[in-house]
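What follows is the residue order along each chain.
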Amino acid sequence: MVNPVDIKSSNSMTTAIFQLEPLHRFANLGSAIRKPQEITCFSYDDQHKLKLDASSLRYFYNPELDTNLSSGFETFIKHDDSIDEHLDGLLEAIRELELTTGKKCVADIITWRGMMTKIMSLPFDMRNGFEMNATKFQGTIFIEENHKYKMATRGNSSRRQDIMSFWGYKFETLATLPDTWDECSRDMIEARPKEVVSNEAQFCSIVKTGIGEARLILGGEVDAVWDQRTPSESSVNYVELKTSKEIITSRDEVAFKRKLQKMWSQSFLLGVGKIIVGFRDDDGVLRNVKEFDTQTIPTIAKMSGRNLWDGKLSIDFTASVLRWLSENIVDDGVWLIRHRENSSVIEVSKTDGPSFLSSSFVKWRSENSLD
């Protein structure tokens, strides 16, 4: 067990500090992993309205190579994420599941997959900062992204940067269909390069899983399903879609293998079995598509011999952080979890902020006695 060395600061807001270094103390802890199992799902439609179903799920179908990923940028329908949605969609889906089953969704931590990805990636990328809000309710710690921090640190992007961000959404449109291929017409399949790109619609999977001693319920967006969604085995059929610069030089190869760490973490946490990468050139033209099995990705990094990142250490590190959070977030106030840019510590401090849990979820849990 790792002792993080808690420090009481003279600043009354800082209650605990978790030391990230030296990293070797997190190695070979043998933290237990519980295989992710989907318990429910939800969607946002093309108007970004919440739907408690799988209606926005897309189906993978090979994209056409040599397509310009910049095509359609001018008509891109981009979701306005300046509105803080908190955990609302995730909590509403959990409430509906509990209403249907009559059983409480038991977990030590409930959060978005993205928050866990930030923690899992931290040992290998301490340059980036993050802030999260946390609160404890009925024995469970709920964690959300600090929206004010997210917006404040975004900065102004150039047109080139906006176009490069668009390439990922364009690839998703090129590589997916709204139904299984046999239910889609040839015209629909061939029209994908001209389809208006939008990121309003989303499909989100909710899984129960665990790392170390922590039982987790995680919600996260899923890009597509490989063939069809079988309820009993749905997670393993999901695919994550990514774009990356084509590998030409050894420097490109190292950069890509570093990038695989976050790709792996995202998919590992939800039990997504495959990652499909669209490799593009500097002009944004899709040149190649390659499939990676999520479970084999850590081996790719290990075989590079460059000590780029280690999957087992990432898991053991995350287990240690989650244990530490459970020891320090102890009541229903709002707590700030923070990693400053280039810092070697995680801080947890009590704040006087209002609860971010939806009133409908709190009312549901407070008024109903669930098993």
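Residues numbered from 1 in each chain as written. Predicted model: local features only at pLDDT ≥ 70, side-chain atom pairs only at ≥ 80, totals over all residues. Heavy atoms only, no water.

## Here we look at the pairing of strand 9 (residues 202-211)
Of all ten residues in strand 9, nine are buried; the element is thus mostly enclosed. By the bridge criterion, nine bridges tie strand 2 (residues 33-44) to strand 9 in an arrangement that is antiparallel. Directly across from Tyr 44, in strand 9, lies its bridge partner Gln 202. Sheet topology places strand 9 next to strand 10 (residues 214-221); eight bridges connect them, and they run antiparallel. Within strand 10, the residue paired with Val 207 across the bridge is Leu 218. (Buried < 20%, exposed > 50% of the residue type's maximum accessible area, 1.4 Å probe, protein only. Helix = DSSP H or I, 4+ residues; strand = E, 2+ residues; numbered from the N terminus. Pairing = 2+ DSSP bridges.)

## Thoughts on the pairing of strand 13 (residues 274-280)
In summary, the side chains of a regular strand alternate between the two faces of the sheet. For strand 13, a buried count of seven out of seven residues is recorded, marking the element as mostly surrounded by other parts of the structure. Neither face of strand 13 is left uncovered, since the one carrying Lys 274, Ile 276, Gly 278 and Arg 280 and the one carrying Ile 275, Val 277 and Phe 279 both have all their residues buried. When strand 12 (residues 238-245) meets strand 13, the two strands line up parallel, connected through seven bridges. Pairing of Lys 242 across the sheet is with Val 277, part of strand 13. Each parallel crossover has a hand, and for strand 12 linked through helix 7 (residues 250-270) to strand 13 it is right-handed. Where strand 13 meets strand 14 (residues 286-293), seven bridges bridge the pair, whose relative direction is antiparallel. Each residue of the ladder has a partner; that of Arg 280, found in strand 14, is Leu 286. Between strand 13 and the antiparallel strand that follows it, strand 14, lie five residues; Gly 284 among them carries a positive phi value of about 85 degrees. (Right-handed = clockwise from strand over helix to strand, strands pointing away.)

## A few points about the side chain of Thr 243
Inspection of the secondary structure assignment puts Thr 243 in strand 12. Classification of Thr 243 as buried rests on a relative accessible area of 17%. Filtering out sequence-adjacent residues up to four positions away, Thr 243 remains in contact with Leu 69, Trp 167, Gly 168, Phe 171, Lys 259, Val 277 and Gly 278. (Contact = heavy atoms within 4.5 Å.)

## Quick word on unusual backbone geometry
Geometrically, the link from Glu 21 to Pro 22 is a cis peptide bond, its omega value of 0 degrees lying close to zero. With respect to the helices and strands, Pro 22 occurs in the loop between strand 1 (14-19) and strand 2. The phi angle at His 86 is positive, at roughly 50 degrees, despite the residue not being glycine. According to the relative accessible area criterion, His 86 is partly exposed, its value standing at 28%.

## Some points on the pattern of salt bridges
Summed over the entire model, instances satisfying the criterion amount to 21 salt bridges. Note that Arg 159 is salt-bridged to Glu 74, the shortest N-O span being 2.6 Å. Placement of the pair is Arg 159 in helix 4 (residues 159-174) and Glu 74 in the loop between strand 4 (59-60) and helix 1 (88-101), with a sequence separation of 85 residues. Between Arg 323 and Glu 213 there is a salt bridge, and its shortest N-O distance comes to 3.6 Å. On the criterion of sequence distance, the pair formed by Arg 323 in helix 9 (residues 311-328) and Glu 213 in the loop between strand 9 and strand 10 is long-range, its members being 110 residues apart. Accessibility expressed as a relative area gives 18% for Arg 323, which makes it buried. Residue classification places Glu 213 among the exposed residues on the basis of a relative accessible area of 52%. (Salt bridge = Lys/Arg side-chain N within 4 Å of Asp/Glu carboxyl O.)

## Looking at helix 2 (residues 113-121)
Among the nine residues that make up helix 2, seven are buried, leaving the element largely enclosed by the rest of the structure. Among the residues of helix 2, those classed as buried are Arg 113, Met 115, Met 116, Thr 117, Ile 119, Met 120 and Ser 121.

Treat this as a map of the structure, not an account of what it does.
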